[in-house]
Amino acid sequence: MHASSESGTRGGPSLTVWADNFMAPGCGGSREHSFQHPFLQAVGMFLGEFSCLAAFYLLRCRAARHPEGSMDPQQPFNPLLFLPPALCDMTGTSIMYVALNMTSASSFQMLRGAVIIFTGLFSVAFLGRRLALSQWLGILATIAGLVVVGLADLLSKHDDQHKLSEVITGDLLIIMAQIIVSIQMVLEEKFVYRHNVHPLRAVGTEGLFGFVILSLLLVPMYYIPAGSFSGNPRGVLEDTLDAFCQVGRQPLIALALLGNISSIAFFNFAGISVTKELSATTRMVLDSLRTIVIWALSLALGWEAFHPLQILGFLILLMGTALYNGLHRPLLTRLSRGRPPAEESEHERLLGGSRTPINDAS
């Protein structure tokens, strides 16, 4: 389940901003440095998704013992159908974790709203969807909101940890990741949704692929030089040993990582369990509250500076999301004293389809 149509990572790396701001010495007596291990953190995210597979089999065992509350029958399918979306998920998530080390947490959360733009365009180009006028207006509003948030980053004061060049690169990487997330969603719609696959099973299968593949890639990443792009003392793409040493010497990092893994697992399980009881308006409000909480905590802890343009950008992005999801229709109906239209599913608003998405997470 994609939270308000924007979270391709099933809950996203929101909590890892805590780990990124902790300092700890690494292996071999290296100096104290920030915990910047984006690819290892992405592995943790996939571990959280993978745990949904265990939840699925537990629910299936429970359904077998209580036939009156049985799950919908599962059609046979080839698990390799999930490999292409999993590769997109792995790539997009890794890029976003890298970007999170370069820019502020609030900008990171807001810029993820760009997924609406690319998902809408790709659904028209590859799925033959026809977007309503309000959806095109939502896309234009989202573009305007992204420009305002980008300007806020350019005009904000930057410390030694986040230089202007790094912030610009991080913002561009976030938008690039949303393109990949949009491709993932289109692939899932085109090849996966036609099968009656339980959402927990779908998320867990993609998490399994991502966890195994990215864990294996950590080995060559340990030897690939990355220069200034790297955040570890050895200057390699990912230093897993350094990460484990930092975790061992700073328990708060381990707490943040475990919190991120647990939140992703709970986010998917709880979201799939209650999504039919929530309206699209409620889901968007809850996701907006997540952005506000992350923003408020970052400001309170001194991790970023306040800029009034961010408020304007956030409000414009909120308006774009509301227009794209058709949340203006009930208001117009009430104003015209007509009968409220039947509520569409969130996936219909995002891709124009008629099935519930396998990875809807709000």
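Residues numbered from 1 in each chain as written. Predicted model: local features only at pLDDT ≥ 70, side-chain atom pairs only at ≥ 80, totals over all residues. Heavy atoms only, no water.

In the annotation of an unreviewed UniProt entry, the chain is listed under the name Solute carrier family 35 member F6 and assigned to Suricata suricatta. On record in UniProt, under Subunit (unreviewed entry), the comment for the chain is "Interacts with SLC25A5." According to UniProt, the comment filed for the chain under the heading Sequence similarities (unreviewed entry) is "Belongs to the SLC35F solute transporter family." (UniProt positions renumbered as here; feature names shortened; annotations may be inferred.)

When its secondary structure is counted, the chain shows 14 helices and two strands. A separation of at least 24 residues holds for 81% of the contacts in the chain among residues at least 6 apart in sequence. Taken as a whole, the chain presents about 16,500 Å² of accessible surface, with 68% of it coming from carbon and sulfur. (Helix = DSSP H or I, 4+ residues; strand = E, 2+ residues; numbered from the N terminus. Contact = heavy atoms within 4.5 Å. Areas by Shrake-Rupley, 256 points an atom, 1.4 Å probe, with all protein chains shown as cover.)

Summed over the entire model, instances satisfying the criterion amount to two salt bridges. Asp239 serves as the salt-bridge partner of Arg234, at 3.7 Å between the closest nitrogen and oxygen. Looking at Arg234, the relative accessible area reads 40%, which means it is partly exposed. (Salt bridge = Lys/Arg side-chain N within 4 Å of Asp/Glu carboxyl O. Buried < 20%, exposed > 50% of the residue type's maximum accessible area, 1.4 Å probe, protein only.)

Here we take up the nonpolar core. Counting residues in each nonpolar core, the largest one holds 51 residues, and the members touching the most others are Leu214 and Ile253. Examining the composition of this core, we find that eight residues originate from one element, helix H3 (residues 83–100), more than from any other. Setting aside residues no more than four positions away along its own chain, Leu214 makes contact with Phe39, Ala42, Val43, Phe46, Met90, Ser94 and Met221. Core analysis: the next-biggest nonpolar cluster, separate from the first, contains seven residues, Phe77, Phe82, Ala86 and Ala202 among them. (Core = buried A, V, L, I, M, F, W, Y, C linked by side-chain atoms within 4.5 Å.)

This part covers the packing of H3 against helix H7 (residues 164–192). When two helices pack together, their arrangement is captured by the angle between the axes and the distance separating the axes. The geometry of H3 relative to H7 is characterised by a closest axis approach of 8 Å and an angle of 165 degrees between their N-to-C directions. As far as their axial angle goes, H7 and H3 are roughly antiparallel. Crossing handedness for the pair H3 and H7: left-handed. (Axes fitted to C-alpha atoms, helices over the stretch in contact; angles between N-to-C directions. Parallel < 35°, antiparallel > 145°, perpendicular 65-115°, else oblique. Left-handed = near helix turned anticlockwise from the far one by under 90°.)

Before going further, it helps to examine the state of the cysteines. One pass over the structure, following the stated rule, counts one disulfide. Two residues, Cys27 and Cys245, share a disulfide whose sulfurs are 1.8 Å apart. Since a negative S-S torsion denotes a left-handed disulfide, the Cys27-Cys245 link at about 90 degrees is right-handed. Of this pair, Cys27 sits in the loop between strand S1 (23–25) and strand S2 (32–34) while Cys245 is found in helix H9 (residues 240–249), placing the two residues 218 residues apart along the sequence. You can call Cys27 partly exposed: its relative accessible area is 28%. Cys245 sits in the partly exposed class, given a relative accessible area of 21%. (Disulfide = S-S within 2.5 Å.)

With that settled, consider helix H6 (residues 133–155). In this model H6 runs 33 Å from its N-terminal to its C-terminal C-alpha over 23 residues, within 8% of the 33 Å that 1.5 Å per residue would give. Listed as buried for H6 are Ser134, Gln135, Gly138, Ile139, Ala141, Thr142, Gly145, Leu146, Val148, Val149, Ala152 and Asp153. (Expected span 1.5 Å × (residues − 1).)

Here we take up the side chain of Gln250. Mapping Gln250 onto the fold places it in the loop between H9 and helix H10 (251–274). A residue is classified by how much of its surface remains accessible, and Gln250, at 19% relative accessible area, is buried. Residues within four places of Gln250 in sequence aside, it is in contact with Phe22, Met23 and Ala24.

Let us look at the packing of aromatic side chains. With the rule as written, the count across this model stands at four aromatic pairs. Here the aromatic rings of Phe56 and Tyr57 are separated by 5.1 Å at their centres, their planes lie at 70 degrees, and the arrangement is edge-to-face. The exposure class assigned to Phe56 is buried, which follows from its relative accessible area of 0%. Owing to a relative accessible area of 36%, Tyr57 belongs among the partly exposed residues under this scheme. A cation over an aromatic ring shows up here: Arg234 above the ring of Tyr222, its NZ or CZ 4.1 Å from the ring centre. (Phe/Tyr/Trp six-rings, centres within 6.5 Å; stacked < 30°, edge-to-face > 60°. Lys NZ or Arg CZ within 6 Å of the ring centre and 35° of its normal.)

A surface patch of nonpolar side chains, about 1,000 Å² in accessible area, is lined by Leu133, Leu137, Leu140, Ile143, Val147, Leu151, Leu154, Leu155, Leu164, Ile168 and Leu172. Of all the secondary structure elements, the ones that give two or more residues to the nonpolar patch are H6 and H7. Within the secondary structure layout, Ile168 lies in helix H7. Residue classification places Ile168 among the partly exposed positions, given a relative accessible area of 34%. (Patch = residues over 30% accessible without salt bridge, like charges linked within 9 Å, V, L, I, M, F, W, Y side chains within 5 Å.)

A few words on the side chain of Gln246. Of note, Gln246 is situated in helix H9. A polar contact is formed between the side chain of Gln246 and the backbone oxygen of His33, at a distance of 2.9 Å. Of note is the side chain of Gln246, whose polar atom sits 2.9 Å from the side chain of His37. When neighbours within four sequence positions are excluded, Gln246 is seen to be in contact with Ala24, Pro25, Gly26, His33, Ser34, Phe35, His37 and Ile253. (Polar contact = N/O pair within 3.5 Å; in protein donor to acceptor, adjacent residues only side chain to side chain.)

Time to look at the layout of surface pockets. What the second largest pocket holds in volume is close to 590 Å³. Around the second largest pocket, the lining comprises 26 residues; the ones closest to its centre are Gln36, Glu166, Ser228, Ser230 and Gly231. Sorting the residues of the lining of the second largest pocket by element identifies S2, helix H2 (38–65) and H7 as the ones contributing at least two each. Along the lines of polarity and charge, the residues of the lining of the second largest pocket split into 10 nonpolar, 11 polar and five charged. (1 Å grid on protein atoms, 1.4 Å probe; cavity = no way out; pocket = protein on both sides within 12 Å on 5 of 7 lines; lining within 4 Å. Points joined across faces, edges and corners; volume = space filled by probe spheres on them. Nonpolar A, V, L, I, M, F, W, Y, C, P; charged D, E, K, R; others polar.)

Moving on: the environment of Glu49. Within the element layout of this structure, Glu49 appears in helix H2. Accessibility expressed as a relative area gives 0% for Glu49, which makes it buried. Each C-alpha atom, one on Glu49 and one on Gly207, is 4.7 Å from the other, the two residues being 158 residues apart in sequence.

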